Every structure is written in structure tokens, then in C-alpha cells.
Amino acid sequence: MEMNDAIKEAYEYAPADVIYYDTLEIDHESFIDSIKVVRSYEELVTNQGTYYPVMFDFQLPDIQEAARGSMKISIAGIPRTARELIRAAAQERAPIT
């Protein structure tokens, strides 16, 4: 079963009264706090912190027998301060997760 199919199946069998949010947490060793975003028009406050509303899309990697693909993430409207942190982190050797 591919990842997209597994996610669709999980949504189908989930209780109808449960709300699911697509979230991303972007982290790097140089960040004091990770950058948390939610695909929404409103902030999402959780026990883990506040997720800031942005529009993002992702494409899961192709999974084949011996080859690994890459996940592609597109983020629109990320706050300027977060964008500057990500740009600076991209210049360093440590990975952004």
C-alpha cells in the first residue's frame, strides 16, 4: 500500500467528529524554537505550541523496492521572520528537518 492510500484509508475510518489538521514542524539546530505551521486560515493552539496559518502542499515520495524518493513541500505565505531563519539555516551544513 502506498503512503497516499494509507492516509486516505485512515481518514475514511476515523470518527466523523474528529478534526484533522495538516501541520508541519520545521527545525534546525540553529533555531531556538521550531517553526510550526498549519494548513489553515486560523492559528492552531496545541499543547506542543502555536501553529501559524499558511497554505502549503506536499507530495509524498515515490517508494520503490530499493530507491527512495524525496518529499516535495511548497509553502506560501510563511512569515518573513520564519523565511529568513530557513534561508540562513539552508546555508549551514546541518540538515533542516
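Below is a short write-up of the structure. (Residues numbered from 1 in each chain as written. Predicted model: local features only at pLDDT ≥ 70, side-chain atom pairs only at ≥ 80, totals over all residues. Heavy atoms only, no water.)

## Description of a nonpolar patch on the surface
Part 1: A contiguous nonpolar patch, built from Ile7, Tyr11, Val18 and Tyr20 and spanning about 360 Å² of accessible area, is present on the exposed surface.
Part 2: The topology assignment puts Val18 in the loop between α1 (3–13) and β1 (23–26). (Patch = residues over 30% accessible without salt bridge, like charges linked within 9 Å, V, L, I, M, F, W, Y side chains within 5 Å. Areas by Shrake-Rupley, 256 points an atom, 1.4 Å probe, with all protein chains shown as cover. Salt bridge = Lys/Arg side-chain N within 4 Å of Asp/Glu carboxyl O. Helix = DSSP H or I, 4+ residues; strand = E, 2+ residues; numbered from the N terminus.)

## Structural notes on the pattern of salt bridges
Part 1: All chains considered together, the criterion is met by four salt bridges.
Part 2: Between Glu25 and Lys36 there is a salt bridge whose closest N-O contact spans 3.8 Å. With Glu25 in strand β1 and Lys36 in strand β2 (residues 35–39), the pair connects residues that are 11 residues apart, well separated along the chain.
Part 3: Here Arg80 ties to Glu84 by a salt bridge, and the two come within 3.2 Å at their closest N and O atoms. Separated by four residues within a single helix, Arg80 and Glu84 lie in helix α2 (residues 80–90), roughly one turn from each other.
Part 4: A relative accessible area of 60% places Arg80 in the exposed class.
Part 5: A residue is classified by how much of its surface remains accessible, and Glu84, at 44% relative accessible area, is partly exposed.
Part 6: One network of salt bridges, with partners in common, ties together Asp22, Arg39 and Asp57. (Buried < 20%, exposed > 50% of the residue type's maximum accessible area, 1.4 Å probe, protein only.)

## With respect to the nonpolar core
Part 1: Within the largest apolar cluster, 10 residues are counted, these being Leu24, Ile26, Phe31, Ile35, Val37, Val54, Phe56, Ile78, Ala82 and Ala89.
Part 2: Contributions of two or more residues to this core are made by β1, β2, β4 (49–59) and α2. (Core = buried A, V, L, I, M, F, W, Y, C linked by side-chain atoms within 4.5 Å.)

## Here's the deal with the pairing of β2
Part 1: Taken across its five residues, β2 has four buried, putting it largely inside the fold.
Part 2: Bridge count for β1 against β2 is four bridges, and the pairing is antiparallel. Following the sheet pairing, Ile26 is matched in β2 by Ile35.
Part 3: Across three bridges, β2 lies against β4 in parallel orientation. Bridged to Val37 within β4 is Tyr52. (Pairing = 2+ DSSP bridges.)

## Digging into the layout of surface pockets
Part 1: Taken as a whole, the largest pocket encloses approximately 180 Å³ of empty space.
Part 2: Every residue lining the largest pocket is counted, 13 residues in all, and those nearest its centre are Ser34, Ile35, Thr81, Ala82 and Leu85.
Part 3: Looking at the lining of the largest pocket residue by residue, the classes come out as eight nonpolar, three polar and two charged. (1 Å grid on protein atoms, 1.4 Å probe; cavity = no way out; pocket = protein on both sides within 12 Å on 5 of 7 lines; lining within 4 Å. Points joined across faces, edges and corners; volume = space filled by probe spheres on them. Nonpolar A, V, L, I, M, F, W, Y, C, P; charged D, E, K, R; others polar.)

## Things to note about the side chain of Lys36
Part 1: What makes Lys36 buried here is its relative accessible area of 13%.
Part 2: Side-chain polar atoms of Lys36 contact the side chain of Ser34, separated by 3.0 Å.
Part 3: Setting aside chain neighbours within four positions, we find Lys36 in contact with Leu24, Glu25, Gln48, Gly49, Thr50, Tyr51 and Tyr52. (Polar contact = N/O pair within 3.5 Å; in protein donor to acceptor, adjacent residues only side chain to side chain. Contact = heavy atoms within 4.5 Å.)

## Some points on the packing of aromatic side chains
Part 1: Under the definition given, this model contains two aromatic pairs.
Part 2: Between the aromatic rings of Tyr11 and Tyr20, the centroid separation amounts to 5.4 Å while the plane-to-plane angle is 45°, which identifies the pairing as tilted.
Part 3: You can call Tyr11 partly exposed: its relative accessible area is 44%.
Part 4: The exposure class of Tyr20 is partly exposed, given its relative accessible area of 45%.
Part 5: Over the face of the ring belonging to Phe56 we find Arg39, whose NZ or CZ atom lies 5.3 Å from the ring centre. (Phe/Tyr/Trp six-rings, centres within 6.5 Å; stacked < 30°, edge-to-face > 60°. Lys NZ or Arg CZ within 6 Å of the ring centre and 35° of its normal.)

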